[in-house]
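Results of the structural survey
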Amino acid sequence: MRILHTADWHLGKIVNFVHMTEDQRYILEQLIEIVKEQQPDALIIAGDLYDRSIPPKEAVDLLNQVLTTLINELNIPVLAISGNHDSPDRLEFGSRLFRKQGLYLDTKLLTEREPVTLQDEFGPVHFHLIPYLEPAEAAYVLADDSIKTHQQAAEALVEDIKLRFNMDERHVWVGHSFLAGGMESESEERLSMIGGSPYVHAHLFQDFSYVALGHLHQPQQVTQASIRYSGSILKYSFSEANHNKSVTMVELDDGGMNSFEKIPLKPIRDFEVIEGYFEDLLLGNAAEDLRNYLHIRLLDDGQLIDPMGKLRKVYPNILHLERKRMTGENQFENLEKVQKRQRMSHADLFNLFYEELKGDTMPEERRQMVTQAIEKLKESERGR
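What comes next is a walk through the structure. (Residues numbered from 1 in each chain as written. Predicted model: local features only at pLDDT ≥ 70, side-chain atom pairs only at ≥ 80, totals over all residues. Heavy atoms only, no water.)

**Observations regarding the overall build of the chain**
When helices and strands are counted, the chain shows 11 helices and 19 strands. Counted over contacts in the chain with a minimum sequence separation of 6, partners at least 24 positions apart contribute 67%. A total accessible area of about 20,300 Å² is found for the chain, and carbon and sulfur atoms account for 49% of it. (Helix = DSSP H or I, 4+ residues; strand = E, 2+ residues; numbered from the N terminus. Contact = heavy atoms within 4.5 Å. Areas by Shrake-Rupley, 256 points an atom, 1.4 Å probe, with all protein chains shown as cover.)

In structure tokens, the structure reads:
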């Protein structure tokens, strides 16, 4: 059986005030082409279909279009769960009806839990769809007040599966959680700390043929090749600039996971961190692609007039611009300057700004004008 594993779509994501819907549509069209080429027997989406509990209309429309294409046109079963960013109640709407069409979407832990079972030439493969849940929810559904942590919830669920099913058959765990040993990035919000530590130990899942995980955005295995995060479909922060985004194709034979392959995803605009001097950056050869989303670190010391506006004429998708932080002695000297400026009056600060900008001292006539303007502003503020 060939299984395509993806997760963390985060539809409706906004990065530095930029809506990512166009980028997400582009990458999901690639996913559809991969499905056409690879012809997997099932597609797994391991949580965080949306980026927030009430997604924008554009995100809902995009998900609807993609799922319709996968299920109705390509006739591939889709097995999905809700993640910590999703609203279980909203995603649950119509899910029982959709199962008849081949969309298996579990958003809540049920008392009567049954896997989705698909067949291949070697027999059944049981997919256990475990949505993201807090320990308190697991304790309630499992009627076990001793469950206080994510680890204890996972232990109880795994034990339940082992008691009710023949583990000599092939079982796939689909979950959205933080396995100890996995690597984070800034765009991943930590799992809630309600009820204790959010970590789950990977050794719990050693008896599963494959463990398809969501939540961490970097594609990676945890302790063994059959326990994997597929990673997000796009980069959602500059801490992910060095990630190589992909979906994971897994092949199961009669003994379990036989092989896996990471199939790369190529964004229309990449995330890139660049640094350099302002005049050099204006030449336009600092980025791999001028359309990329950029975090720029300027190396210049002096004052610059509208650097963002000028740089955006060359690199239209700058998301963050900063001066490179000083280190060592320079950092200490810079701190002293900041502390000195904090003790200066408004008039003295403006005078200093004028000197740095013009390279000359401010004429006395202008000094008086600035002082008068500052005093009027102070009086106006006090009048409020």
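**Considerations on the nonpolar core**
In terms of nonpolar packing, the biggest core is built from 39 residues, with Leu4, Trp9 and Leu28 touching the most fellow members. The set of elements that each furnish at least two residues to this core consists of α1 (21–38), β4 (42–46), α2 (57–73), β5 (78–81), β6 (103–106) and β15 (246–253). In terms of residue count, the dominant contributor to this core is α2 (7 residues). Non-local contacts of Trp9, meaning those with residues more than four positions away in its chain, are made with Gln24, Leu28, Leu31, Ile45, Gly47, Asp48, Leu49, Leu63, Val66, Ile233 and Tyr236. Ranked by size, the runner-up nonpolar core spans 28 residues in total, among them Phe205, Phe208, Val211 and Tyr229. (Core = buried A, V, L, I, M, F, W, Y, C linked by side-chain atoms within 4.5 Å. Buried < 20%, exposed > 50% of the residue type's maximum accessible area, 1.4 Å probe, protein only.)

**Quick look at α1**
When the terminal C-alpha atoms of α1 are compared, their 25 Å separation across 18 residues agrees well with the 26 Å that a helix rising 1.5 Å per residue should span. Three or more residues of α1 are buried, namely Thr21, Asp23, Gln24, Ile27, Leu28, Gln30, Leu31, Ile32, Ile34 and Val35. Packed against the buried residues of α1 are β1 (2–6), β3 (18–19), α2, β15, β16 (256–264) and β18 (293–298). With its phi angle positive at about 50°, Gln39 sits one or two positions after the end of α1. (Expected span 1.5 Å × (residues − 1).)

**As for the sheet that holds β6**
One open sheet holds the 6 strands; their spatial order is β6-β5-β4-β1-β15-β16, and the pairing between them is mixed. In this open sheet, the two edge strands, each paired with only one partner strand, are β6 and β16. For this sheet, the mean inter-axis angle between neighbouring strands, taken without regard to orientation, is 20°. Here β15 pairs with β16 via 8 bridges, running antiparallel. Counted as the bridge partner of Asp253 is Gly256 from β16. (Pairing = 2+ DSSP bridges. Axes fitted to C-alpha atoms, helices over the stretch in contact; angles between N-to-C directions.)

**Here's the deal with the side chain of Glu240**
The topology assignment puts Glu240 in the loop between β14 (224–229) and β15. For Glu240, the side chain forms a polar contact with the main-chain nitrogen of Tyr236, separated by 3.3 Å. (Polar contact = N/O pair within 3.5 Å; in protein donor to acceptor, adjacent residues only side chain to side chain.)

**A look at a nonpolar patch on the surface**
On the surface, a nonpolar cluster with roughly 360 Å² of combined accessible area is contributed by Ile305, Phe350, Phe353 and Leu357. For Phe350, a relative accessible area of 36% puts it in the partly exposed group. (Patch = residues over 30% accessible without salt bridge, like charges linked within 9 Å, V, L, I, M, F, W, Y side chains within 5 Å. Salt bridge = Lys/Arg side-chain N within 4 Å of Asp/Glu carboxyl O.)

**Focus: the packing of aromatic side chains**
Under the definition given, this model contains 7 aromatic pairs. Summarising the aromatic geometry, the rings of Trp173 and Phe208 are spaced 5.7 Å apart at their centres and angled 80° between planes, so their arrangement reads as edge-to-face. With Trp173 in strand β9 (residues 170–176) and Phe208 in the loop between β11 (199–200) and β12 (210–214), this residue pair connects regions lying 35 residues apart in the sequence. Just as Trp173 is buried, Phe208 falls in that class too. With a centroid separation of 5.0 Å and an interplanar angle of 55°, the aromatic rings of Phe238 and Phe271 are classed as tilted. Note that Phe238 is positioned in the loop between β14 and β15 and Phe271 in strand β17 (residues 271–276), a separation of 33 residues in sequence. (Phe/Tyr/Trp six-rings, centres within 6.5 Å; stacked < 30°, edge-to-face > 60°.)

**Some details on the pattern of salt bridges**
Side chains that carry opposite charge are capable of pairing whenever their charged atoms lie near each other. The tally for this structure, following the rule as stated, stands at 21 salt bridges. Between Arg99 and Asp106 there is a salt bridge, with its nearest N and O atoms 3.1 Å apart. When the shortest N-O distance is used, the salt bridge between Arg297 and Glu275 registers 3.9 Å. Highlighted residues: Arg297 in strand β18 and Glu275 in strand β17, separated in sequence by 22 residues.

**A closer look at the sheet that holds β12**
Backbone-to-backbone hydrogen bonds pair the strands of a sheet. The strands run either parallel or antiparallel. Pairing within the open sheet is mixed, and its 6 strands lie in the order β7-β8-β9-β12-β14-β13. Because the sheet does not close on itself, it has two edges, and the strands there are β7 (116–120) and β13 (220–222). Pairwise comparison of adjacent strand axes, ignoring direction, gives a mean angle of 30° for this sheet. Here β13 pairs with β14 via 3 bridges, running antiparallel. Bridge assignment links Val222 to a residue of β14, and that residue is Gln224.

**Quick look at unusual backbone geometry**
The phi dihedral of Gln39 is positive, around 50°, even though this residue is not glycine. Topologically, Gln39 is positioned in the loop between α1 and β4. Its relative accessible area of 59% is what places Gln39 among the exposed residues. Positioned with a positive phi, Thr223 is a non-glycine residue whose angle comes to about 70°. Among the secondary structure elements, Thr223 is positioned in the loop between β13 and β14.

These values are about where atoms sit, not about what they do.
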